[in-house]
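Working through the structure, step by step
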Amino acid sequence: IKIKGAGFNGGPVQFGTFHKTGPLFPAFDFNGQAMEDVAMGHDGAWQGGASFQQATVEYRVYRRLAELGHDVVPCLGYGRIAKGGLLSWFAVFDHEPGLSNDMRYPTLPLERWVDLNTRIGVLLHDLAVNHDLLGFCWYSLRANGGYLIRDLHPFRFADPYNMSQLSWVMTLFFALHIRGNGTKFRALRVKDPNVPADIHVRQFRPFLPDVTVADHDDLIRRLVTPYMLKRPEGFAIERLIETLRSNRITAAMMDACPAKFSRP
């Protein structure tokens, strides 16, 4: 059994001290404008704990993926800790013997690390396009060499009452971009010339089979920085649509968005 969110470095939850993990995980309105969602990231949780949203989403998305037949680290439930009028939340997992969360090179052989960062795109594409789940996750390695999906709290359920095509694309791209950053920065730290330069964008292949690093770099400059990490001055929906349509990754995502989501 593993309890996630019930302590900090072997000690108690640090009530009164928030996590500081960097940029907030935004939500996006029908126009594609970024809105702060403090609880989605760790910034709304106490140090060593989790937010109510993180704990419940982890549990519900686990159940949904299990229903779909995916191999997932079982989330048995969630609970809360109260102290001095403050609340913190946690989730409880069934960690089978020998399960490892260190799924990065050089702990993993390079070819397996590359494969994982490619195959996860197939999963995230299917969940988004066919099951209305937008987000990202990671894998754990089983003792027998197989994989289990883990870390499901960054998912959102997409429905046409709360999202348009623009919010769907912005939410999905941001999620894959954040996950890809983790892979990109790891590759830079290991400084191995055998690591493919495009490893962090291979997760986009189900949307765009011939995706390149240049496609992604273009979006960092024209989409992530001005539209996702801050609110642009003089926002105009027409300019955002032009940006999304003029890049091959987001244009492919616009086309992949289910028809039930309203088009601008």
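Structure first, text after, so check above.
Right, let's walk through the structure included here. (Residues numbered from 1 in each chain as written. Predicted model: local features only at pLDDT ≥ 70, side-chain atom pairs only at ≥ 80, totals over all residues. Heavy atoms only, no water.)

Comments concerning the overall build of the protein chain
Put simply, the rule reads: To qualify as a helix, a DSSP run of H or I must reach at least 4 residues; to qualify as a strand, a run of E must reach at least 2; elements of each kind are numbered from the N terminus. It is over C-alpha atoms that the radius of gyration is taken, and the globule rule equals 2.2 Å times the number of residues to the power 0.38. Partly exposed residues are those whose accessible area sits between 20% and 50% of the maximum for their type, while under 20% is buried and over 50% is exposed, using a 1.4 Å probe and protein chains only. Only heavy atoms enter the contact rule, under which two residues are in contact if any of them lie within 4.5 Å. For accessible areas, the Shrake-Rupley method is used with a probe of radius 1.4 Å. Any residue's cover is judged against the shown protein chains and nothing else. Charge convention: Lys and Arg are scored as positive, Asp and Glu as negative, and His as well as the terminal groups of each chain are ignored. The atoms used to mark charge sites are NZ of Lys, CZ of Arg, CG of Asp and CD of Glu.
Of regular secondary structure, the protein chain possesses six helices and 11 strands. On C-alpha atoms alone, the protein chain measures out to a radius of gyration of 19 Å, which is about the 18 Å that the 2.2 N^0.38 rule sets for 264 residues. Based on the C-alpha atoms only, the size of the protein chain along its principal axes is roughly 50 × 45 × 35 Å. Counting across all 264 residues of the protein chain, residues that qualify as buried make up 50%. Expressed as a percentage of contacts within the protein chain between residues at least 6 apart in sequence, the contacts between residues at least 24 apart total 65%. Element-wise, carbon and sulfur atoms account for 53% of the exposed surface of the protein chain, whose accessible area totals about 12,600 Å². Averaging the locations of the 30 positively and 26 negatively charged side chains of the protein chain gives two centres separated by 4 Å.

Quick word on the pattern of salt bridges
What counts is decided by this rule: Should a side-chain nitrogen of Lys or Arg be within 4 Å of a carboxyl oxygen of Asp or Glu, the pair is scored as a salt bridge.
Counted under the stated rule, the structure contains 14 salt bridges. Across the pair Asp151 and Arg150 runs a salt bridge whose closest N-O atoms are separated by 2.7 Å. Exposure class is identical for Asp151 and Arg150. Each is buried. Here Arg245 and Asp255 are joined by a salt bridge, their closest N and O atoms 3.0 Å apart. Separated by 10 residues along the polypeptide, Arg245 in helix α5 (residues 237-246) and Asp255 in helix α6 (residues 248-256) bring together distant segments of the chain. Residue Arg245 is classed as partly exposed on the basis of its relative accessible area, which comes to 40%. Look at the salt bridges and you will find they share partners, linking Lys4, Arg150 and Asp151 into a network.

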